[in-house]
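# Per-entry structural report
Residue strings, one per chain:
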Amino acid sequence: MEEATRSADLIRKDIKELRNKHGSVGINQNCNLCKYPALSRDFFLFPCGHVFHSDCLHYEMDRHMNTVDRNRVHNLNEQLAQLSMQSVSKKGNSMMGTNMMEENKDAISAIHNRVEKIKEELDGLLASECVLCGETMIMSITQPFVNPSDPEAYSWQI
């Protein structure tokens, strides 16, 4: 029982430390995939220090995902696009009259909450680990560099 209490205290301490954890990206730091400045677009910073633009990470992870996860990411991105259009429509309608403003505020808030949940799920699928030094990269070691059906494969023949 004493060991369980000690273990629970250590877990609580670790959680507190995680809340205070931060990272920094220098103005000259580049995306580790495309080599363009990281601060030029939305980006992810991993604990290992690698930095990736969101779209670069998405493209790279897409290459390593199984079909189920790839389809889920595609579906979530479609939902985000639809919600974005709905949000723009609601914001436009709220400018027409004061009666519609209150109704649209609630609708816009609900859309915003849904968008945040979708982004959270996308982050879990795409950014749960570093694509260069996480398990994804380790598991990809068995994959060929060039797809045998790709015309470029002929240039690799000896």
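As a reminder, the structure under discussion sits directly above these lines.
In every chain, residue numbers begin from 1 and rise along the written sequence. Owing to the predicted nature of the model, reporting of local features is limited to residues with pLDDT of at least 70; listing and counting of side-chain atom pairs is limited to 80 or more, with chain, interface and lining totals taken over all residues. Side-chain calculation: all heavy atoms of the structure are included, whereas hydrogens and water are not.

## Some words on a nonpolar patch on the surface
- Only residues above 30% relative accessible area that lack a salt bridge enter a patch, with like-charged residues linked at up to 9 Å and the nonpolar side chains Val, Leu, Ile, Met, Phe, Trp and Tyr linked at up to 5 Å. Surface exposure here means Shrake-Rupley accessible area, sampled with a 1.4 Å probe, where a residue is shielded only by the protein chains that are shown. Think of a salt bridge as a Lys or Arg side-chain nitrogen and an Asp or Glu carboxyl oxygen that are within 4 Å of each other. On the surface, a nonpolar cluster with roughly 370 Å² of combined accessible area is contributed by Ile27, Leu39, Phe43 and Leu45.
- Within the secondary structure layout, Leu45 lies in strand E1 (residues 43-45).
- Burial status follows relative accessibility: with a 1.4 Å probe on protein chains alone, a residue under 20% of its type maximum counts as buried, one over 50% as exposed, and anything between as partly exposed. Looking at Leu45, the relative accessible area reads 33%, which means it is partly exposed. Numbered from the N terminus, helices here are DSSP runs of H or I no shorter than four residues, and strands are runs of E no shorter than two.

## Quick word on the nonpolar core
- As used here, the term nonpolar core means buried Ala, Val, Leu, Ile, Met, Phe, Trp, Tyr and Cys residues forming a set that is joined through side-chain atoms within 4.5 Å. Counting residues in each nonpolar core, the largest one holds 19 residues, and the members touching the most others are Phe46, Phe52, Leu57, Ile118, Leu122 and Leu126.
- Of all the secondary structure elements, the ones that give two or more residues to this core are helix H2 (54-64), helix H3 (67-94) and helix H4 (98-126).
- In terms of residue count, the dominant contributor to this core is H4 (five residues).
- Setting aside anything within four residues of it in sequence, one finds Leu122 in contact with Val73, Leu76, Asn77, Leu80 and Ala127. Every residue pair with non-hydrogen atoms within 4.5 Å of one another is taken to be in contact.

## Concerning the packing of aromatic side chains
- Each Phe, Tyr or Trp ring (for Trp, its six-membered ring) is paired with any other whose centre lies within 6.5 Å, and the angle between the two planes then decides the class: stacked below 30 degrees, edge-to-face above 60, tilted in between. Within this structure, the stated rule accounts for two aromatic pairs.
- Aromatic ring contacts, followed pair by pair, group Phe44, Phe46 and Phe52 into a single cluster.

## Focus on the pattern of salt bridges
- Going through the model one piece at a time under the given rule, you end up with five salt bridges.
- Linking Arg70 and Asp62 is a salt bridge whose minimum nitrogen-to-oxygen distance equals 3.3 Å.
- Between Arg72 and Glu121 there is a salt bridge, with the nearest N and O atoms lying 2.8 Å from each other. A residue pair is termed long-range when its members are at least 10 positions apart, and Arg72 in helix H3 and Glu121 in helix H4 qualify at 49 residues.
- Given the relative accessible area of 33%, Glu121 is considered partly exposed.

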